[in-house]
Amino acid sequence: MNPATCLDNIEAYHAAIKKLFDKDSEEFFPNNNAVHAAAIIEEIFLHATEEVKVFCRNLNPETWDDKGVLDAVLKAASCGVKIRVLTQDAIDRNSKIYRLLELLKVCVNQNVGA
């Protein structure tokens, strides 16, 4: 199933994204909203074996506080995957992802765009 054909069904979209990751596909796919982004980020962390480097605006909680994302980040870190984060703006210190990264002692550099 192609992710572009199931944009309105997040379960089908996530399954399609997982299938592409499992096949190590180079196929392009749409990312239309925070829910889609969360599915993609989750699969990135679940498939990571050595390191994940994140560069984004601010670890938007709408995407990054998703339970699947948080679980995948924790699993990756537990498996020894090195995680590094660089954001253009400050991260919401009340967000779940911020607290998790702090707990995991992940290197986070904020406000690089300032």
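Before reading on, note that the structure itself is shown above.
Conventions we followed
Residues numbered from 1 in each chain as written. Predicted model: local features only at pLDDT ≥ 70, side-chain atom pairs only at ≥ 80, totals over all residues. Heavy atoms only, no water. Core = buried A, V, L, I, M, F, W, Y, C linked by side-chain atoms within 4.5 Å. Buried < 20%, exposed > 50% of the residue type's maximum accessible area, 1.4 Å probe, protein only. Helix = DSSP H or I, 4+ residues; strand = E, 2+ residues; numbered from the N terminus. Contact = heavy atoms within 4.5 Å. Polar contact = N/O pair within 3.5 Å; in protein donor to acceptor, adjacent residues only side chain to side chain. Patch = residues over 30% accessible without salt bridge, like charges linked within 9 Å, V, L, I, M, F, W, Y side chains within 5 Å. Areas by Shrake-Rupley, 256 points an atom, 1.4 Å probe, with all protein chains shown as cover. Salt bridge = Lys/Arg side-chain N within 4 Å of Asp/Glu carboxyl O. Expected span 1.5 Å × (residues − 1). Phe/Tyr/Trp six-rings, centres within 6.5 Å; stacked < 30°, edge-to-face > 60°. Pairing = 2+ DSSP bridges.

(A) Layout of the nonpolar core. One finds Phe45, Val54, Leu59, Trp64, Val73 and Ile97 to be the most contacted residues of the largest nonpolar core, which totals 23 residues. Among the secondary structure elements, those contributing two or more residues to this core are α2 (34-47), β1 (51-56), α4 (67-78), β2 (82-87) and α5 (96-103). The greatest single-element share of this core, amounting to five residues, is contributed by α4. Setting aside its immediate chain neighbours within four residues, phenylalanine 45 contacts Val52, Val54, Trp64, Ala72, Val73, Ala76 and Ile83.

(B) Structural view of the side chain of threonine 87. Locating threonine 87 in the fold gives a position in strand β2. For threonine 87, the side chain forms a polar contact with the main-chain oxygen of aspartate 89, separated by 2.7 Å. Excluding residues within four positions of it along the chain, threonine 87 makes contact with Cys56, Arg57, Asn58, Leu59, Asn109, Gln110, Asn111 and Val112.

(C) The arrangement of a nonpolar patch on the surface in detail. Where nonpolar side chains cluster on the molecular surface, the patch consists of Phe55, Leu86 and Val112 and spans about 260 Å² of accessible area. Within the secondary structure, phenylalanine 55 sits in strand β1. Residue phenylalanine 55 is classed as exposed on the basis of its relative accessible area, which comes to 52%.

(D) Expanded view of helix α1 (residues 10-22). The end-to-end C-alpha distance of α1, which contains 13 residues, comes to 18 Å, matching closely the 18 Å that a straight helix rising 1.5 Å per residue would cover. On its buried face, α1 is in contact with α2. The first or second residue beyond α1 is aspartate 24, which carries a positive phi of 55°.

(E) Summary view of the packing of aromatic side chains. Going through the model one piece at a time under the given rule, you end up with one aromatic pair. Pairing phenylalanine 45 with tryptophan 64 gives two aromatic rings, centres 6.2 Å apart and planes at 85°, and the pair type is edge-to-face. In this pair, phenylalanine 45 is assigned in helix α2 and tryptophan 64 in helix α3 (residues 61-64), connecting sequence segments 19 residues apart. Each member of the pair, phenylalanine 45 as well as tryptophan 64, carries the same accessibility label: buried.

(F) A look at the pairing of β2. Across the two faces of β2 the burial differs, with Ile83, Val85 and Thr87 buried and Lys82, Arg84 and Leu86 not buried at all. One ladder, built from six bridges, connects β1 with β2; its direction is parallel. Paired with glutamate 51 across the bridge in β2 is lysine 82. In this sheet, strand β3 (residues 107-109) lies alongside β2 in parallel orientation, the contact comprising three bridges.

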